[in-house]
Structure formats: structure tokens, C-alpha cells
Amino acid sequence: MRYLPTGKKMGEADRHTIDGIGIPSLVLMERAALQCLHVIAARQIDTGNVLIVCGSGNNGGDGFALARLFLEKGVHPTVTFVGKEASRSEECTTQMEIFKTLGGEIFSEIPEKDYTLVVDAIFGVGLSREISGRYATILETMNQLKGIKLAMDIPSGVSAENGQILGIGFRADYTVSMQCEKLGTVLFPGKEYAGEVFAVPIGIDETYFTKQKEVVRTCDRKDLKSVLPRRLMNSHKGTYGKVLLIAGSEGMSGAAFFSAAAAYGIGAGLVKIYTPESNRQVLQQLLPEAIITTYEKESVSSVTEWADVIGIGPGLSKGKKAAEILETVLTQAEVPCVIDADGLNLLAEQNRLELLKTRKQATVLTPHMKEMSRLLGGKPVAEIQTGRFEILKKFVEEYSVTCVLKDARTLVMKQDEHPYLNTTGNQAMAKGGSGDVLTGVITGLLAQRISAYDAAITGVFLHGMAGDQAKKEKGSYGVLARDLIHEIEYCERWQ
Ligand SMILES: NC(=O)C1=CN([C@@H]2O[C@H](COP(=O)(O)OP(=O)(O)OC[C@H]3O[C@@H](n4cnc5c(N)ncnc54)[C@H](OP(=O)(O)O)[C@@H]3O)[C@@H](O)[C@H]2O)[C@@H](O)CC1
Ligand SMILES: Nc1ncnc2c1ncn2[C@@H]1O[C@H](COP(=O)(O)OP(=O)(O)O)[C@@H](O)[C@H]1O
Ligand SMILES: [K+]
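Looking at an unreviewed UniProt entry, one finds the protein named Bifunctional NAD(P)H-hydrate repair enzyme, with Mediterraneibacter butyricigenes as its source organism. As recorded by UniProt, the Subunit (unreviewed entry) comment attached to the protein reads in full: "Homotetramer."

Draft legend 1. Summary view of the packing of helix H17 (residues 452-474) against helix H18 (residues 481-489). Direction vectors running N to C along H17 and H18 enclose 110°, while the axes themselves pass 8 Å from each other. In this view, H17 runs roughly perpendicular relative to H18, as classed from their interaxial angle. Along the contact surface, H17 presents Leu462, His463, Ala466, Gly467, Gln469, Ala470, Glu473 and Lys474, while H18 presents Asp483, Leu484, Glu487 and Ile488. Broken down by class, the residue content of the contact of H17 with H18 amounts to five nonpolar, three polar and four charged.

Draft legend 2. Seen up close, the coordination of the potassium ion (ligand 3). At 2.6 to 3.1 Å from the potassium ion (ligand 3) lie its protein donor atoms, namely Asn59 (OD1), Asp120 (O), Asp120 (OD), Phe123 (O), Met152 (O) and Ile154 (O). Its six donor atoms give the potassium ion (ligand 3) angles of 69 to 147° at the centre, a pattern that matches the irregular case.

Draft legend 3. Molecular detail of the site of ligand 1. In the vicinity of ligand 1, 23 residues are found, and the nearest of them are Ser25, Asp62, Gly124, Arg129 and Asp153. For ligand 1, an oxygen atom lies 3.3 Å from a polar atom in the side chain of serine 56. In isolation ligand 1 exposes 930 Å². Once the protein is present, 82% of that is buried. Elements with a minimum of two residues in the shell around ligand 1: helix H1 (7-21), helix H2 (25-42) and helix H3 (58-72).

Draft legend 4. Looking closely at the sheet that holds strand E6 (residues 148-152). Taken together, seven strands build an open sheet; the order of strands is E4-E3-E2-E5-E6-E7-E8 and the sheet is parallel. Unpaired on one side and paired on the other, strand E4 (106-107) and strand E8 (196-200) mark the two borders of the sheet. Sheet contacts for helix H5 (residues 133-144): strand E2 (50-54), strand E5 (117-121) and E6; angle to E5, the most-contacted strand, approximately 150°.

Draft legend 5. Structural detail: the pattern of salt bridges. On inspection of all chains with the given rule, the structure shows 26 salt bridges. The partner of glutamate 354 in a salt bridge is lysine 357, and the shortest N-O contact between them spans 3.1 Å. For glutamate 354, a relative accessible area of 32% gives the class partly exposed. Here the residues in one salt-bridge network are Arg2, Glu181, Asp220 and Lys222, joined through shared partners.

Draft legend 6. Fine view of unusual backbone geometry. That bond from phenylalanine 188 to proline 189 is cis: its omega, 0°, falls within 30 degrees of zero. Mapped onto the fold, proline 189 is located in the loop between strand E7 (174-178) and helix H6 (190-194). With a phi angle near 70°, glutamine 179 is a residue other than glycine that sits in the positive phi range. Turning to its location among the elements, glutamine 179 is positioned in the loop between E7 and H6. The exposure class of glutamine 179 is buried, given its relative accessible area of 11%.

Draft legend 7. Quick peek at the domain arrangement of the protein. Segmenting the protein into domains produces domain 1 (2-210) and domain 2 (223-494). Contacts between the two partners involve ten residues from domain 1, matched on the other side by six residues from domain 2. Along the contact surface separating domain 1 from domain 2 lie zero salt bridges. Summed over the shared surface of domain 1 and domain 2, the number is two residue pairs in polar contact (both at pLDDT 80 or more). Top contributing element to the side of domain 1 that touches domain 2 by residue count: strand E1 (residues 2-4), with three residues.

Draft legend 8. Spatial organisation of the site of ligand 2. Lys406, Asp407, Thr410, Gly433 and Gly435 are the nearest of the 18 residues found near ligand 2. In the environment of ligand 2, an oxygen atom lies 2.9 Å from a nitrogen or oxygen atom belonging to the backbone of aspartate 407. Between ligand 2 and the protein, one listed contact pairs an oxygen atom with a backbone N or O atom of glycine 433 at 3.0 Å. Out of a free accessible area of 570 Å², ligand 2 has 78% covered by protein chains. The element that contributes the greatest number of residues to the shell around ligand 2 is helix H16 (residues 434-447), accounting for four residues. Its residues assigned to classes, the shell around ligand 2 shows four nonpolar, ten polar and four charged.

Draft legend 9. Focus on the side chain of glutamate 181. Looking at where glutamate 181 falls in the secondary structure, it is placed in the loop between E7 and H6. Within the local environment of glutamate 181, its side chain forms a polar contact with the side chain of arginine 2, the two groups lying 3.2 Å apart. In this structure the side chain of glutamate 181 is engaged in a polar contact, spanning 2.9 Å, whose partner is the side chain of threonine 185.

Draft legend 10. Expanded view of the UniProt feature "binding site: AMP" (unreviewed entry) in the protein. The feature "binding site: AMP" (unreviewed entry), as annotated in UniProt, sits at Lys406, Asp407, Ala408, Arg409, Thr410 and Gly435 in this numbering. The largest pairwise C-alpha distance within this set of annotated residues, which runs over 30 residues, is 13.7 Å, so the set is compact in three dimensions. Residue placement: arginine 409 occurs in the loop between strand E16 (402-405) and strand E17 (411-413). Classification of arginine 409 by relative accessible area gives buried; the value is 6%.

About the cut-offs
- Residues numbered from 1 in each chain as written.
- Chains lettered and ligands numbered in written order.
- Predicted model: local features only at pLDDT ≥ 70, side-chain atom pairs only at ≥ 80, totals over all residues.
- Heavy atoms only, no water.
- UniProt positions renumbered as here; feature names shortened; annotations may be inferred.
- Axes fitted to C-alpha atoms, helices over the stretch in contact; angles between N-to-C directions.
- Helix = DSSP H or I, 4+ residues; strand = E, 2+ residues; numbered from the N terminus.
- Parallel < 35°, antiparallel > 145°, perpendicular 65-115°, else oblique.
- Contact = heavy atoms within 4.5 Å.
- Nonpolar A, V, L, I, M, F, W, Y, C, P; charged D, E, K, R; others polar.
- Donors = N, O, S within 2.8 Å, 3.2 Å for Na, K, Ca; no water.
- Tetrahedral: all angles 85-135°; square planar, octahedral: opposite > 155°, others 65-115°.
- Near = heavy atom within 4 Å.
- Polar contact = N/O pair within 3.5 Å; in protein donor to acceptor, adjacent residues only side chain to side chain.
- Areas by Shrake-Rupley, 256 points an atom, 1.4 Å probe, with all protein chains shown as cover.
- Pairing = 2+ DSSP bridges.
- Salt bridge = Lys/Arg side-chain N within 4 Å of Asp/Glu carboxyl O.
- Buried < 20%, exposed > 50% of the residue type's maximum accessible area, 1.4 Å probe, protein only.
- Domains from an automatic or database assignment.

Here you go:
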């Protein structure tokens, strides 16, 4: 698990470390510069001709410190100071003076040379407004230079708060992020400017974020062991829960299959599909492990009574029958529920969202951007994209749900928990059926009795990992929903 603070939150943690704990700012800066040097060595970057461009804040201070460490190694970097003298920070001034005392030369323009490495130390998390004028020209020049590009902390121009490009951004091959990767290089378009990101420890106290519930977190492959539900030797299928999937309508059996197969694939004990009779035969052939029961044969009340967890919506349709079923589930089922696709579209109509407020068990909603827009009464997708954290926070508080907002960077939110931003998954998953698989995975995890928040973040993480594995095998074009299921079945291998 790792935090993805905004620039503002990172600044707070810096101050807490410096003022609250007493670690001097220059000590942190020294470690920041040393870590950059380590990354440069680890990536075997040619330091034959290094350019370091420094601004007037502490990011510039990082740059001067790195320049001095290069001197110690016998490397003579070209250092350009592009900041304003008047606004130079104390640390930046100190580092600049040390560098000068050691014989370092400081330019005010970028000398024309063939650089092997270009280091951006103009703006870090202190970037506070659009970049224009001379700074913009300098960044444009730096982007056009040959050589490997490395950003200290965050590429200049990328907003650490939201990943937006403020005018112009440095296009890095590598970004060395101090202590934590910032939210701005995980979100698009910032991510595309950051290249490979190394989050390096420099001594900032990250436990500061534990109580700051607004700080976003993510997880990595190494967390898998702790997030996967345990599989006990002394167990039976009842141990891993009974999943009911209410999915598929006439001519839409595939969605039910994907969700059900994914629920089994992630370890659920028993999976039942509730669907129209016309889907019975094909589903029985596609997934003989599943129990098939139909609208014509059984009432929704009796099937919901059987279930430990319900997933409703994939391929459901928006017909009258589907609406009745959803309303019965929301008012009668006293088990956790995952609502997806048409389940969400129906929820968005006729004030049905209000039904969520009376539910006693956990509800997980898995909308993509367009479905979220419908849930929010038609709020434009662009508005949701830029304001996703605030908008979702309000929504989950109002309806007491866990919300999985699906996107290239899926966001999971629940009241009183850190927002979770997913970093697995890729463009190969942008295809029909991918979402149905996610519904099955989250439902299958809930069946194994982990909390709604844990099931949502673990499900999203594993689903993305499956996409990444599938892309490795098939590339970006040919991955199908069934490939995701196949990979999920093997998820233990990723630990
Ligand atoms: N001890 C610590 O705290 C540690 C900090 N560390 C490092 O410090 C970085 C944060 O440093 P920071 O807070 O000084 O801000 P920074 O990113 O250098 O920028 C501020 C300068 O930019 C200017 N400016 C901003 N926007 C602008 C614009 N659009 N156009 C023009 N100017 C603009 C702004 O000017 P002003 O707004 O005052 O006019 C000010 O001069 C952090 O990312 C990390 O690298 C690490 O070493 C670890 C220890
Ligand atoms: N470019 C991408 N990068 C990462 N994940 C993606 C990308 N495109 C789609 N996905 C994932 O694939 C899934 C698509 O879900 P959804 O749009 O509901 O598909 P469907 O309704 O066709 O099943 C989501 O989990 C989403 O996060
Ligand atoms: K920078």
C-alpha cells in the first residue's frame, strides 16, 4: 500500500517532518539529491554531458544539490538557473552557494550542447499557476534537447494536485519522486509526462497521511498476499460463499457468463445465475459449474434468500421485469450487493437511488463515467473527470455506498476510507465484457467475506493485473473479456 499525496499534502508532510520531528530541510534535500544519483546510476544513464536546470524554490535546491554530488564524482554538469533571484528559497540559496564555492559555474541560459542527460529541477510541488513567458520557452527548449530527460520530484508543468498540464510540461523519461509518487503523475495526462517513476525514500514521515483520510492510496503487486482472501486447508465450498448473479436478458447471455465465471475464477464457493429461461441452455454449456435458475421458474425473493452476496446488472436490460427485480433486491436482500451496468441505469431512474439509503448491508456500485453521469442526474462526464474526488466523496456519503468509478484510472471511494486510485490495467481492456468481469470479481471477493472496501479495491487491482498479464501475452488489440477471466484464475502466481 502506498500513498499518492497531492502537492499540498506532500508540503504538509514535509513541514510536519521538518518542524514536528525536527529533521532539517537540508537533510531531506541531501537525500533527495543522493537518491536521484542512485537512479541515474541504476539506469546506467550516460553522464558524459549533464544539464541541470534549476528554479528558485526547493525543487531548484534539489537540482543544485545534485549538481554538487556530480562534482564530487568528477562529473561537471552544466547548471542553468532560470528562477527569480528575489523569490529564491533559503535552501535553494544555500545549495547554490555551496555549488559556487566548490567552483561550479551557473548559467542564466541553456548553453547549446549535445547533452546526454537533461535534469528538470525548475518546479516541483510548489507549482501554483499556469507556466508562461520565459519559463515556457525554457521548457520547450528542454523538451527539444537530445538526451535522457529526468524530472526531480515531478515534471515541471504537471500539477501534483490533479495531473493537469499547466501550460506546458517537461516530458520526462524518468521521474524521481521524493518519498511518494504524487497524485499528478498517476492521473492522466500527467502520467504520460512522467515516464518511469521512482518513488524514493528521503526521510519524510508518511505515517502523517494515515489519519489524513483525504489522501489517496493505491496498492502494488507486493500487497497481493495481504489483500487476497485466505484459502484454508480445512474448508468447503460454503466457506467461500454463495454468489447470486442476476444478469443477462434475452440475447444477452454473455454478460451473465463473464460475471459468473469471474466470480468462480476468484474463488467463490458456489455461483448461481438468475436470468430469463431463454439463456439457460447456453449458460449451462458455457459454465456447467454454475447453477442456473430462471425468472420463469423461481421468484426473486426465494433466490435472494439463498445468497450470501448478490451481483446485479450485467446485461440485465432496463425492462419492467428487470426494474421489479432490482427494487425487490434493494428492499429485501439483507446481504451485500454489487450493482453494475443496467442495474445502475435503472437505479438512476425514478428516484430509485433513494432505496440505497435504507439498505442495511454493504452496497458496491461500479459505474463507468457515463453511468456515473446518469446517477448524478446527467452531470457532464467532463465535469466528473476533473472533479472526481470531490464529486464521488459527496455521492458515497449521501448514499452510504462504496463506489467504483471505472476509468483508465479507476477510483474507489467509501466514506471514512482513503480514496483508492488503481494503477493496474491498460488500453487492451477497453472492450465490451471487461466491466462484467469486474462485477464478478468483486462479487466473488465479497462472498469470501472481506469488507466492501477491500473487495472493491482488491477486485479492481486484480482485474487490472489480469489485463496487464493478458496484454503481455496478446498485445493491446486482441485481449477479450474471457482472457481476463483466464488470468484471474491464475492470480496466485502474481504474488
Ligand atoms: N525541505 C523541503 O520542503 C523539501 C522539498 N523538496 C523539494 O522541494 C520542492 C518543493 O519546493 P517549493 O515548495 O519551494 O516549491 P517549488 O516546486 O520549488 O516551486 C516554487 C517556486 O516556483 C515558483 N512558481 C510556482 N509556479 C510558478 C509558475 N507557474 N510560474 C512561475 N513561477 C512559479 C514560485 O514562485 P512564486 O509563486 O513565489 O512567485 C517558487 O519560486 C519539492 O517538489 C521537492 O523537489 C525536497 O528536496 C525534499 C525536501
Ligand atoms: N484504457 C484503460 N486502462 C485501464 N483500464 C481500462 C481501460 N479501458 C477500460 N478499462 C477497464 O475495463 C473495464 C470496462 O468496463 P465497462 O466500461 O463497464 O465495460 P463493459 O460494460 O463493456 O463490460 C473497467 O474496469 C475499466 O477500468
Ligand atoms: K521538477
